[in-house]
Every structure is written in C-alpha cells, then in structure tokens.
Amino acid sequence: MQQSLFDSDYDNTPIILHMPDADVVYYPNFIPPPRASELMVILQQTILWKKDQITLYGKIFNVPRLQAWYGDDDAAYEYSGLTMQPQTWTKELLELKKICEQTTKTQFNSVLANLYRNGADGVGRHADDEKELGQNPVIASLSFGETRNLDFYHNHSTQKLRLPLESGSLLVMKGGTQANWQHGVAKSKKVLGPRVNLTFRSIKKNSDF
Ligand SMILES: O=C(O)CCC(=O)C(=O)O
Ligand SMILES: [Fe+2]
C-alpha cells in the first residue's frame, strides 16, 4: 500500500534547547495539524474550565486564564495556595497522556489544563517546583490553537529565552529546569485567539516524600 502523504511528511524530530542548568526539548510537530485543530475544539468543549482565584500576600486575585485539573483519584495538588481536586480523565486527555508517556518514557498521573482566552490571559513567572512534583520533575507540555510565547528567565543570571509554542507542539522540561529557571506566558496587546495548554505531571503521594 502506498504510504500516505501524511506519514511521509510527518517529522517528529526534536529540537534540543541549549539552556544552561536545564534540560528542555521541543517537538514542533508532535501532533499533526489536522488532529491538533480537532483537539483544540474538543478540549475547549469537553474540559470543565474554571475561573480560579489565587491568594497572594493576603489578597485575592482572579487567575487570568481558565484552568482545570484532571488526574488519577489520588493525585490532589496544591497550586499557589489553591488545592485542586482532579477531575476524572476524558478520552482525549488519556490519549494525549499516553503519547506523552511514550515519548518521554515517564509516567504521568495528572494534567493541569490552561485556556488562554485571548491576549489578556497569561501566566506570571513561576517554576513548577512544588514539593509534590519531587526533585527534577519531568513535565510534558502540549499546546493547541494560537501560538503564544513561553519566556524563560534564569534564576542566577540575566539570561532569558523566548520560545513560541506552536499548535500541536510538545515541550518537555526536565532535569534542573524548574530548579534553575522560571517561565511564564506574557500577556499581549495583539488580538489573539484562544490557546489550550496541557502540562502532564507526576504528583507524588504524601507517603513518597
Ligand atoms: O501555557 C504554558 O505554556 C505554560 C503553562 C505553565 O507554565 C503551567 O501550567 O505551569
Ligand atoms: Fe509552569
């Protein structure tokens, strides 16, 4: 049988980012464009998106994006003072978890989903270094929809790096990335369409640390 155009065109070659004290790999074409577009629609419709609030220095703020947390029943998670109870996996989230696990050779038990509705949504500089993630966590981050910039900031130098995350891409952060760098998605004044980001993580049970 003739190989489809799709198979022969599909190039999943990763790009290794040469960031000191970090281990970051980018797969620009992880999910083929037609499937990525389909998933963008399905994820927006099937995920139970929530408007969360966050308490910082005793003040309450609205989180500038919609969020949801899915995972195994026992994978509860603290995120900036917010306890997230996982929802039960959807079919698509399980399918995506599986392909991320195959590529990273890591097991995940949960995913944090973010919906950036437009350029006014973003996420401030932070590291995913909560103790529940363990030391040197592996985080697999999938992007769908509008391209948004992920900005990296080194903790002990002025080094910065801007990485545009395209629809259908996978970004794997591991090793010392969370210990030595912060990252964030800056707001933008440009008229931007929605973007969904999924970060697959492995939450350690209380008994593990
Ligand atoms: O949207 C992104 O690419 C990053 C999201 C993120 O950093 C997080 O959920 O911790
Ligand atoms: Fe993050």
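Only a predicted model underlies this, so the values are computations on that prediction, with no experimental measurement involved.

### Digging into the sheet that holds strand β12 (residues 160–165)
Note: strands within a sheet are paired through backbone hydrogen bonds, in either parallel or antiparallel orientation. Strand order in the open sheet formed by four strands is β9-β14-β11-β12, with antiparallel pairing between adjacent strands. This sheet does not close on itself; its edge strands, each paired only once, are β9 (123–126) and β12. Ignoring strand direction, the axes of neighbouring strands in this sheet form an average angle of 15 degrees. Here β9 runs beside strand β14 (residues 181–185); their pairing, made up of two bridges, is antiparallel.

### So, the nonpolar core
For soluble globular proteins, nonpolar side chains are generally found buried alongside one another. Val111, Ala113 and Ala140 are the most contacted members of the largest nonpolar core, which has 40 residues in total. Discounting chain neighbours no more than four positions away, the residues touching Ala113 are Ile47, Gln67, Ala68, Tyr70, Val196 and Leu198.

### Comments concerning the site of ligand 1
Residues in close proximity to ligand 1 include Leu112, Asn114, Val123, Asp128, Ser141, Leu150, Leu165, His183, Val185, Asn197 and Thr199, which together make up its full environment. Taken together, the elements giving at least two residues each to the shell around ligand 1 come down to β8 (110–116), β14 and β15 (195–201). A class-by-class count of the residues in the shell around ligand 1 yields five nonpolar, five polar and one charged.

### Topic: the confidence of the model for the protein
With 91% of its residues at a pLDDT of at least 70, the protein reaches an overall mean of 92. Two summary scores accompany this predicted model of the complex, namely pTM at 0.92 and ipTM at 0.99.

### What about the sheet that holds strand β2 (residues 23–27)?
Strand order in the open sheet made by the seven strands is β1-β2-β13-β10-β15-β8-β5, with antiparallel pairing throughout. Each edge of the sheet is formed by a strand with only one pairing partner; in this case those strands are β1 (15–17) and β5 (66–71). Strand-to-strand, the axes of this sheet are offset by a mean angle of 20 degrees, without reference to chain direction. Where β5 and β8 come together, six bridges link them in antiparallel fashion. Considered in β8, the bridge of Ala68 is made with Ala113. Against the sheet, helix α2 (residues 33–46) contacts β8, β10 (139–145) and β15, and its axis sits at roughly 95 degrees relative to β10. Each of β5, β8, β10, β13 (170–174) and β15 is contacted by helix α3 (residues 91–104), which is oriented at about 130 degrees to β10, the strand it contacts most.

The rules behind these values
Residues numbered from 1 in each chain as written. Chains lettered and ligands numbered in written order. Predicted model: local features only at pLDDT ≥ 70, side-chain atom pairs only at ≥ 80, totals over all residues. Pairing = 2+ DSSP bridges. Helix = DSSP H or I, 4+ residues; strand = E, 2+ residues; numbered from the N terminus. Axes fitted to C-alpha atoms, helices over the stretch in contact; angles between N-to-C directions. Core = buried A, V, L, I, M, F, W, Y, C linked by C-beta atoms within 7 Å. Buried ≥ 20, exposed ≤ 12 C-beta atoms within 10 Å, placed from the backbone. Contact = placed C-beta atoms within 7 Å. Near = placed C-beta within 6 Å. Nonpolar A, V, L, I, M, F, W, Y, C, P; charged D, E, K, R; others polar. pLDDT = per-residue confidence, 0-100.

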